[in-house]
Every structure is written in C-alpha cells, then in structure tokens.
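A look at the structure
Letter by letter, the chains look like this.
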Amino acid sequence: MGWIKKILILLVAAFVVFYLFTRPEAAAEAVKTFFGAFESLGTFFTALVE
C-alpha cells in the first residue's frame, strides 16, 4: 500500500505543477481563496473573544 500512496502523491504534485504553468491566474485565485478562508476563521474567533 505504501507505493500506491507515493504514486498518488506524485500524481497530485504533477497535476499541481501542470495547473500552475497552464493557468497561473486561476492558481493564484485559488491560493488567495484558500488563505482568505484562514483570515475569515481568524476574524470569527476574534469576534468570539471580544
């Protein structure tokens, strides 16, 4: 099972690299959205504390 996991990780990494080179604008937007979610969580917990 270990070699299957390594192959899947390699395939996912290859897809990410391919996506970054073929659609950099969409990849940048996805990263912004991903980190925006953390910012929203931070805002939520800050509001709970206040």
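Details of the structure are given in the entry above.
This one's a predicted model, so the numbers in the text were calculated from it and none came from an experiment.

With that settled, the discussion passes to the overall build of the protein. What the protein contains, in helices and strands, is 2 helices and 0 strands. The C-alpha radius of gyration computed for the protein amounts to 17 Å, which surpasses the reference 10 Å derived for 50 residues by more than 25%, pointing to a less compact arrangement than a globule. A principal-axis box enclosing the C-alpha atoms of the protein has dimensions of 50 × 30 × 5 Å. In the protein, which comprises 50 residues, the proportion classed as buried is 2%. In the protein, the 4 positive side-chain charges and the 4 negative ones have mean positions that sit 20 Å from each other.

According to the stated counting rule, one finds 5 aromatic pairs in the structure shown. On the basis of an interplanar angle of 70° and a centroid distance of 5.2 Å, the ring pair of F44 and F45 is categorised as edge-to-face. Through successive ring pairs, a cluster of aromatic residues spans F34, F35 and F38.

Once that is clear, we can look at the packing of helix α1 (residues 2-22) against helix α2 (residues 24-49). Orientation of α1 relative to α2, taken along the N-to-C sense of each, is 115°, at an axis distance of 5 Å. Contact residues: Y19, L20, F21 and T22 in α1; P24, A26 and A27 in α2.

Moving on, we get to a nonpolar patch on the surface. Taken together, the side chains of V31, F34, F35, F38, L41, F44, F45, L48 and V49 make up a nonpolar region of the molecular surface, amounting to roughly 990 Å² of accessible area. Along the polypeptide, L41 turns up in helix α2.

Reading the values: the criteria
- Residues numbered from 1 in each chain as written.
- Predicted model: local features only at pLDDT ≥ 70, side-chain atom pairs only at ≥ 80, totals over all residues.
- Heavy atoms only, no water.
- Helix = DSSP H or I, 4+ residues; strand = E, 2+ residues; numbered from the N terminus.
- Rg over C-alpha atoms; globule rule 2.2 N^0.38 Å.
- Buried < 20%, exposed > 50% of the residue type's maximum accessible area, 1.4 Å probe, protein only.
- Lys, Arg positive; Asp, Glu negative; His and termini not counted.
- Charge placed at Lys NZ, Arg CZ, Asp CG, Glu CD.
- Phe/Tyr/Trp six-rings, centres within 6.5 Å; stacked < 30°, edge-to-face > 60°.
- Axes fitted to C-alpha atoms, helices over the stretch in contact; angles between N-to-C directions.
- Contact = heavy atoms within 4.5 Å.
- Patch = residues over 30% accessible without salt bridge, like charges linked within 9 Å, V, L, I, M, F, W, Y side chains within 5 Å.
- Areas by Shrake-Rupley, 256 points an atom, 1.4 Å probe, with all protein chains shown as cover.
- Salt bridge = Lys/Arg side-chain N within 4 Å of Asp/Glu carboxyl O.

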